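Residues per chain are reported as follows:
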Amino acid sequence: MTLGSDDSLYPIAVLIDELRNEDPALRLNSVRRLRTIALALGEERTRRELIPFLNENSDDEDEILLAMAAELGGFVSLVGGPEHAQVLLLPLETLATVDETVVRDRAAESLIAVASAMPVPALVEFFVPALQRLAGKEWTARVSATRLFTPTYARCPPEHRPDLLRAFLALTKDETPMVRRAAAQALGDFAQVVEPEPLSAELLPAFLQLTRDDQDSVRLIAVEACGPLAKVLPREAVYEHVLPVLQHFALDKSWRVRYNVAQQLPALAEVLGGEATRAELLPAFVRLLRDGEAEARAAAAARVATVARLLPAQEVLDQLLPPVKELAGDGNQYVRAALASVVLELAPVAATIEHLLPVFLSLLKDEWAEARLNIIGKLDQVNQVIGVDLLAQSLLPAIKELAEDRNWRVRLAIISHIPLLAGQLGADFFEQKLGQQCMRWLQDTVFSVREAATNNLRSLAQEFGADWAREHVLALAGHQNYLYRITVLAAVSSLAAVVPRDTLCNAMLPTVVERAKDRVPNVRFNAAQLLERLAGLVDPPVVDQVIKPVLAELAADRDADVRFFATHALAACDDLAAMA
């Protein structure tokens, strides 16, 4: 590959030379800029020279091959569009056969991207043969091929589909366990695009055979197809063939198999309905909630609400609630966190909160932050489930405790739900219980918490009115810590657009003007920035008589940053005046 004598193309020539360089770092840099090279070469030379060159140099280090596979997936427009996309298949087909898994996976993703851009005739003429070649090569190529059947089958004309189905079925019976494992992994998605008749007659038997495979790793993955198959098979076929598989594997000696069963069981339950779930799946699910391995318990706990919705309230109370209460005190933190993310969803199903409230409060005070955060993330459901009276009696003490949690992420999460609680509790009760806490958040040692608290004030001002906001915010204006004085300015900025203009001009603007004379430069330039914002919210006389004189003084400040922001704000004020 060579370029003309144009000096502007010299950097491109360097990149092309680096593709052949002995230094892997230079080759990697050049591969990552293949788009630049292709744009310089043009579509025809990219097809005729660059793509064949890349195919010939596909025996390289894994990191370089990975970058090449990623780049080629976005090359369709660079080779002339969909009508020329087939030129990309050969290098990607080569990359899909290498030993390194991440390279093969990335090549398969790029092949799917290229196939999705190809017209159907080109797909049949070029991509289907490429897929069949991969399915007949060494085991690494066959593993890559399993991922390509679903998008190809979905777009192929009906007359070509039987051949594709036979090729996929052959991979489910491959002599190499890794290939069978990959086929089992792809089977669930493939089932979504196969027609009902071949699905029941050919793909279902292949699935059942995989579930009886002599390799644990194959059976483990085959279980994952239970849910997808249940969605597309007739209910009778699910009951007769898929349900026994799940029931059998729920007792498997491998915890990884039981973990996958816990993940697939809700999908099966939704297909079979409440009665079949109660009779056939509930015993297995309760065993999983009490499984000896924490991973299996966590997977089941995360899906307890989904299963509960299919059951009568009494069954939930009698069968599911006892293990749920046990899980709230589970010795494994991940199990408690998984339960915390769904426990509130059980209340409407069980038609009662009394039994769940101790579980809820226990998780809200859990020693592990993730469990507390998961519960906090569901606080928007509290009013629907608990009601205001019970909220005030039982939940508020726990929330007040979390508001001062040692983990700043917990404090941050609580803040986001404060406006919701404020609306539920009412102004007087909220002020009594949580008003002062909102102010303490403005003085938090972590900036992200202070920032969230200032943003929070805007919602609270809309809920409780401008007077509430003014009284609470301006009290910190003279705090000895300059960070808190900056926080007051941020709070004023957040509130400026929602408070009445007289409150802004008579109460908040004087505070900003006072901070413009602060002894700390950081406070002064924050005040200058805020004054620029306020200039667009107040009347022109206020800008001329109050804001611009302060900014003019700051424009002569001894600190360079203060001068910069003040000068910028003055220019913005002049622009506003010119537009008036």
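Since the model is a prediction, treat every value here as computed from it, not as a measurement.

**Q** Would you mind going over the packing of aromatic side chains with me for this structure?
**A** When we look at a pair of aromatic rings, we describe it by the centre distance and by the angle of the planes. Counted according to the given criterion, the structure contains eight aromatic pairs. Ring geometry for F168 versus F190: centroids 4.4 Å apart, planes at 45 degrees, classification tilted. One end of the pair, F168, is in helix α11 (residues 161-172); the other, F190, is in helix α12 (residues 177-191), with 22 residues separating them in the sequence. By the burial criterion, F168 is buried, and F190 matches it.

**Q** Help me understand the nonpolar core in this model?
**A** One broad trend across soluble globular proteins is that nonpolar side chains are buried collectively. Core analysis: the biggest nonpolar cluster contains 201 residues, and F75, F149, L320, L339 and I547 have the highest contact counts within it. Sequence-distant contacts of L339, that is, excluding residues within four places in its chain, are made with A301, V304, V324, L327, A328, V359 and L363.

**Q** I would appreciate a short explanation of the pattern of salt bridges in the present structure.
**A** In a structure, side chains of opposite charge can pair up when their charged atoms sit close to one another. For the structure on display, the rule yields 29 salt bridges. We note a salt bridge from R48 to E49, for which the minimum N-O separation is 3.4 Å. Between D574 and K548 there is a salt bridge whose closest N-O contact spans 3.0 Å. Of the two residues, D574 is situated in helix α36 (residues 560-579) and K548 in helix α35 (residues 540-554); the sequence distance between them amounts to 26 residues. If you follow the salt bridges from partner to partner, you end up with D105, R106, E109 and R147 in one network.

**Q** Would you mind showing me how to read the side chain of D518 here?
**A** Within the fold, D518 resides in the loop between α33 (501-515) and α34 (521-535). Engagement of the side chain of D518 in a polar contact is seen with the backbone nitrogen of V520, the distance being 2.9 Å. Those residues within four positions of D518 in sequence are excluded, and the remaining contacts are R485, V523 and R524.

**Q** What is the right way to look at the confidence of the model for the protein in this model?
**A** If pLDDT is low for a region, its predicted coordinates should not be looked at in detail. Counting all residues, the mean pLDDT for the protein is 85, and 89% of those residues have values of 70 or more. In the predicted structure, residues 2-11 sits below a pLDDT of 50 and forms eight contacts with residues beyond four places in sequence or in another chain.

**Q** Honestly, a negative patch on the surface in this entry has me stumped. Any pointers?
**A** A surface patch of negative charge is lined by E61, D62, D99 and E138. Position of D99 relative to the elements: it lies in the loop between α6 (89-95) and α7 (101-117).

**Q** Would you mind going over the environment of V538 with me for this structure?
**A** Checked against the element boundaries, V538 lands in the loop between α34 and α35. Overall, V538 belongs to the buried group, its relative accessible area being 8%. With sequence-adjacent residues up to four places away left out, V538 is seen in contact with R501, L504, C505, V543 and I547.

**Q** What exactly am I supposed to notice about the environment of L570 here?
**A** By secondary structure assignment, the location of L570 is in helix α36. With 20 residues separating them along the chain, L570 and V550 place their C-alpha atoms 9.7 Å apart. When neighbours within four sequence positions are excluded, L570 is seen to be in contact with K548, L551, A552 and A555.

**Q** What is the right way to look at the packing of helix α8 (residues 120-135) against helix α9 (residues 139-146) in this model?
**A** In contact at an axis separation of 7 Å, α8 and α9 are set at 135 degrees when each is read in the N-to-C sense. Comparing their axes, α9 and α8 come out oblique. Here L131, L134 and A135 of α8 lie close against α9, whose contacting residues are A141, R142 and A145. Its residues assigned to classes, the contact of α8 with α9 shows five nonpolar, no polar and one charged.

**Q** I'm lost on helix α24 (residues 357-364) in this one. Help?
**A** Three or four residues apart is the spacing at which side chains of an α-helix point the same way, because the helix has 3.6 residues per turn. The element α24 is largely enclosed, with a buried count of six among its eight residues. Buried within α24 are the following residues: L357, V359, F360, L361, L363 and L364.

**Q** Whenever I open this one, the layout of surface pockets confuses me. Can you help?
**A** Over the atoms a probe the size of a water molecule is rolled, and this reveals where empty space is left. Taken as a whole, the largest pocket spans an internal volume of roughly 290 Å³. Taken together, 14 residues line the largest pocket, and the ones lying closest to its centre are V143, T146, R147, A182 and Q185. Those elements that place two or more of their residues in the lining of the largest pocket are α7, α9 and α12. In terms of residue count, α12 provides more of the lining of the largest pocket than any other element does, six residues in total. Partitioned by chemical class, the residues of the lining of the largest pocket number five nonpolar, four polar and five charged.

What counts and what doesn't
Residues numbered from 1 in each chain as written. Predicted model: local features only at pLDDT ≥ 70, side-chain atom pairs only at ≥ 80, totals over all residues. Heavy atoms only, no water. Phe/Tyr/Trp six-rings, centres within 6.5 Å; stacked < 30°, edge-to-face > 60°. Helix = DSSP H or I, 4+ residues; strand = E, 2+ residues; numbered from the N terminus. Buried < 20%, exposed > 50% of the residue type's maximum accessible area, 1.4 Å probe, protein only. Core = buried A, V, L, I, M, F, W, Y, C linked by side-chain atoms within 4.5 Å. Contact = heavy atoms within 4.5 Å. Salt bridge = Lys/Arg side-chain N within 4 Å of Asp/Glu carboxyl O. Polar contact = N/O pair within 3.5 Å; in protein donor to acceptor, adjacent residues only side chain to side chain. pLDDT = per-residue confidence, 0-100. Patch = residues over 30% accessible without salt bridge, like charges linked within 9 Å, V, L, I, M, F, W, Y side chains within 5 Å. Areas by Shrake-Rupley, 256 points an atom, 1.4 Å probe, with all protein chains shown as cover. Lys, Arg positive; Asp, Glu negative; His and termini not counted. Charge placed at Lys NZ, Arg CZ, Asp CG, Glu CD. Axes fitted to C-alpha atoms, helices over the stretch in contact; angles between N-to-C directions. Parallel < 35°, antiparallel > 145°, perpendicular 65-115°, else oblique. Nonpolar A, V, L, I, M, F, W, Y, C, P; charged D, E, K, R; others polar. 1 Å grid on protein atoms, 1.4 Å probe; cavity = no way out; pocket = protein on both sides within 12 Å on 5 of 7 lines; lining within 4 Å. Points joined across faces, edges and corners; volume = space filled by probe spheres on them.

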